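Fold and geometry: a report
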There are 2 protein chains.
Amino acid sequence: MEAYEILKDLAIILFFAKMFAVVAKHFKAPQVVGEIIAGLILGPCVLGIIQQTDFITEMAEIGVILLMFSAGLDTDLKELIKTGPIAFLIACFGVFVPLISGAVLYMAFYGFAPWGSEEFYKAVFTGTIMTATSVSITVASLQEMGKIKSKVGTTIVSAAIIDDVIGIIVLTFVIGFKDPESRPMLVLGKTVVFFILAIIGGFIVFKLFSILDKRYPHTRRIPIVSLAFCFTLSYVAEKYFGIADITGAYIAGIVLCNLSDNEYIERKMDVSSYMIFAPIFFASIGLKTSFDTMNGHFFIFCICFVIAALMAKIVGCGLISRACRYNWADSLKIGVGMMTRGEVALIISQKGLSAGLISADYFTAVILLILVSSIATPLILKLLYSKDSKNLESAGA
Amino acid sequence: MEAYEILKDLAIILFFAKMFAVVAKHFKAPQVVGEIIAGLILGPCVLGIIQQTDFITEMAEIGVILLMFSAGLDTDLKELIKTGPIAFLIACFGVFVPLISGAVLYMAFYGFAPWGSEEFYKAVFTGTIMTATSVSITVASLQEMGKIKSKVGTTIVSAAIIDDVIGIIVLTFVIGFKDPESRPMLVLGKTVVFFILAIIGGFIVFKLFSILDKRYPHTRRIPIVSLAFCFTLSYVAEKYFGIADITGAYIAGIVLCNLSDNEYIERKMDVSSYMIFAPIFFASIGLKTSFDTMNGHFFIFCICFVIAALMAKIVGCGLISRACRYNWADSLKIGVGMMTRGEVALIISQKGLSAGLISADYFTAVILLILVSSIATPLILKLLYSKDSKNLESAGA
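All values reported here derive from a predicted model rather than from experimental measurement.

**Here we look at the overall build of chain A**
Along chain A, the regular secondary structure elements total 15 helices and zero strands. By the compact-globule yardstick of 21 Å for 397 residues, chain A fits well, its C-alpha radius of gyration being 21 Å. Each principal axis of the C-alpha distribution contributes one length, and for chain A these read about 65 × 60 × 45 Å. Scored against the burial criterion, the 397 residues of chain A give a buried share of 60%.

This is the structure in structure tokens:
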């Protein structure tokens, strides 16, 4: 393929993603929903104009990393430390309630499986797929509404990050029972080492950046070197510690969030993001969707799978939030904010497929879950927040 | 390859490109020179840390397109129309003087070849490789010095664009004499049709954008849709008319250069460009360089090839500029500004290789030419401009 061939795809994706975003905005829906639907229509599901190429996958990867980096930069560190323990609790419930729901759902469809049997692991694995929240869509919606720095926003983002990490550990344990090659304790150890190194290394990097920032404030080198740091941490996290690259990007953002040029970096990052990368990322979610292997019985399973996965997060995260003294409205927001799933669910499914725990059909269910949650979450979040401001207005009047 | 693997390359390229750019700036050299040298050091020529992957090629392609789009947006349309005929003349001399120089050089090395012989076409083809100016490096240097809107700046950019088009036509004619499949008149016709369509279509697009711009000034949709338009025109130019995509991008910029939100678009474009794409483009020039096939006799040929190619542009474009009443200093600037070569020279070589007119060794000579001209042009241009301002200062004193 000649290099210029990518230009056609880029032009089509950018144009339609923006047009659908504008339409979404017109109907008071979040713009990301428009961009995902644009991808759905351009992709194999409807028109089939755009194929998911390596290039689009890579651009989308940069898109989601920029998004998480920006969320990290936008973090209020004090708020994060304050909400940290609660976020950890929410993350735990956000993993275990879906894990159990998925296992129960599997048994409801395919019969009860006794502890330790082959079928039992399949049931547990169905639950494992449901565990990992993908926070990018929620982050984008919260940014759009200007709520990312709020207490609820910080709680959701940090809980989702922790949830991802717990999800990966659970995955390794589940696979570990079937596959003697995988070493769960090693994974656990690596994760702990990563976070310790991130805290120590992050402190050193922050000091170095502070010096750079003081000597050359508002120069291009600051955001460019920051971006290089973000890419490095993302890469190292994924490659050497088995932790999602987006988690690395978020931590890179947190490391730099107290820099005095923080807002300058974020502004530059945001322009790069919304001009090219973010629309490609959101559209690529729609592009991935295809329902070729759907049939009657499996269709019902898919629907139940999606409902169970969404409800498990809302109930699990919502109830524990309420128990942690958030009010009902905020608890619901946290539950809804945690329900989005993304590429991590696909990666987990991939691992389950190669371990022989699930069949390829499952991908359809997972993709449906990603699609539904990606579209529903921003819509519901916006609804919940607009309800809030109405209540506030009537209280004020 | 996993998608996250690209992050390592990105981080390394961004970091070192920026560091070398800062060092270059410290020594009062243009920053692009630093970025090219960073690529040279990271690439197979020195350290061999970074390989030229598809992804980097594609990112670099977007980089050069953003650069040319931005140059187009920065055009003073009145100045362009005024300098148009002179630019055309300069372009003609900028093609034919190198064409003859290359042929003469070939004969000097490999013996005289009578008109119409196999060797004769090889000689002419050597000249053809030397014809196409690649204006991107010059554009970047002029932008860095704030001289792109000047009379000399406009002349160079428009001459280089026309020169590219003439170069492609010459290529088709030269190949056409050997290969009955290629139809030179068709290429000529297509080129004419492209420019007519670009003028008519450009006018319509400008009117549509003016309406959009008036209704929604300073909204993100303006730069995003502009970018989609730029990608579309680049793609259509290359795919359907055989005209370089960067020429399409430049014309897209010219179409929108009188928009009232012009500067807003350019600002957004520039951030996306300098944050990620442009450093990758400049570094990729260095990354491509490798001197594996070099030997004694051919080394001397390479050196002479580079010198002939550079001098031919300076002499050809410089003298005709002087004849068109530019003063000596400006004529020299135009000559130097026209001497950069880029990927078009490689593309032409590729065509010559498949037509059996040159051997693969030639690539080394062409790459050396690209490298030397990419580094020398910005340095000499900066020197010439700084001399100017010194003269101005002493005249003022």
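What follows continues from the structure just given.
**Considering the relation of the copies chain A and chain B**
Note on the identical chains: chain A maps onto chain B by a rotation of 180° and an axial translation of 0.0 Å, with an RMSD of 0.0 Å. On the angle and the small slide along the axis, the relation comes out as a two-fold axis. Proximity to the rotation axis, assessed at the C-alpha, singles out Ser272 of chain A in chain A; its C-alpha lies 2.3 Å from the axis. Same-surface contact between copies: 100% of interface residues of chain A are shared with the interface of chain B.

**Notes on the environment of Cys45 of chain A**
Residues and elements named next belong to chain A. On the secondary structure map, Cys45 appears in the loop between α2 (31-42) and α3 (54-73). Cys45 gets classed as partly exposed once you look at its relative accessible area, which sits at 30%. Taking the C-alpha atoms as reference points, Cys45 and Ile265, 220 residues apart in sequence, are found 38 Å from one another. Contact partners of Cys45, with chain neighbours within four places excluded, come to Leu40, Thr289, Ser290 and Phe291.

**Details of the interface of chain A and chain B**
Listed by partner, the interface residues are 43 residues for chain A and 43 residues for chain B. For the pair chain A and chain B, the summed buried surface comes to about 4400 Å²; carbon and sulfur atoms form 80% of the total. The residue Glu5 of chain A makes a salt bridge to Lys239 of chain B at a minimum N-O spacing of 3.1 Å. In this assembly, chain A and chain B are joined by four residue pairs in polar contact (both at pLDDT 80 or more). For the side of chain A that touches chain B, the elements supplying multiple residues, two or more each, are α1 (5-26), α3, α9 (221-241) and α11 (262-287) of chain A.

**Regarding helix α6 (residues 136-145) of chain B**
Residues and elements named next belong to chain B. Among the 10 residues in α6, seven count as buried, and that is most of the element. Inspection of α6 places Ser136, Ile137, Thr138, Val139, Ala140, Ser141 and Leu142 among the buried residues, and these make up the whole buried set. Of the residues one or two after α6, Gly146 is the one with positive phi, at around 70°.

**Quick look at the pattern of salt bridges**
Residue and element names in this part refer to chain A. Under the counting rule described, the total for this entry stands at nine salt bridges over all chains. Between Lys149 and Asp74 there is a salt bridge; the shortest N-O distance is 4.0 Å. Residue Lys149 is located in the loop between α6 (136-145) and α7 (151-178), and its partner Asp74 is located in the loop between α3 and α4 (77-110); the two are separated by 75 residues in the primary sequence. Between Lys122 and Glu119 there is a salt bridge, with the nearest N and O atoms lying 3.9 Å from each other. In this pair, Lys122 and Glu119 are both assigned in helix α5 (residues 118-131), three residues apart and thus about one turn of the helix distant. Relative accessible area serves as the criterion here: at 23%, Lys122 is assigned to the partly exposed category. By relative accessible area, Glu119 is classed as partly exposed at 29%.

**Let's talk about unusual backbone geometry**
Most peptide bonds take the trans configuration, and most residues that are not glycine carry a negative phi. Positive phi outside glycine occurs at Arg325 of chain A, with the angle close to 70°. Here Arg325 of chain A lies in the loop between α12 (296-323) and α13 (328-337). Taking relative accessible area as the criterion, Arg325 of chain A reaches 79% and is therefore assigned exposed. The backbone of His218 of chain B shows a phi angle near 55°, a positive value even though the residue is not glycine. Its location among the elements puts His218 of chain B in the loop between α8 (184-215) and α9 (221-241).

**Some points on the confidence of the model for chain A**
All names here are of chain A. Averaged over every residue, the pLDDT of chain A is 87; residues scoring 70 or more account for 96%. Within chain A, the lowest mean pLDDT, 78, falls on helix α14 (residues 343-354), and the highest, 94, falls on α13. Scoring the predicted complex yields pTM 0.84 and, for the interface, ipTM 0.82.

Calculation criteria
- Residues numbered from 1 in each chain as written.
- Chains lettered and ligands numbered in written order.
- Predicted model: local features only at pLDDT ≥ 70, side-chain atom pairs only at ≥ 80, totals over all residues.
- Heavy atoms only, no water.
- Helix = DSSP H or I, 4+ residues; strand = E, 2+ residues; numbered from the N terminus.
- Rg over C-alpha atoms; globule rule 2.2 N^0.38 Å.
- Buried < 20%, exposed > 50% of the residue type's maximum accessible area, 1.4 Å probe, protein only.
- Least-squares fit on C-alpha atoms with pLDDT ≥ 70 in both.
- Contact = heavy atoms within 4.5 Å.
- Buried area = accessible area lost by both parts, 1.4 Å probe.
- Salt bridge = Lys/Arg side-chain N within 4 Å of Asp/Glu carboxyl O.
- Polar contact = N/O pair within 3.5 Å; in protein donor to acceptor, adjacent residues only side chain to side chain.
- pLDDT = per-residue confidence, 0-100.

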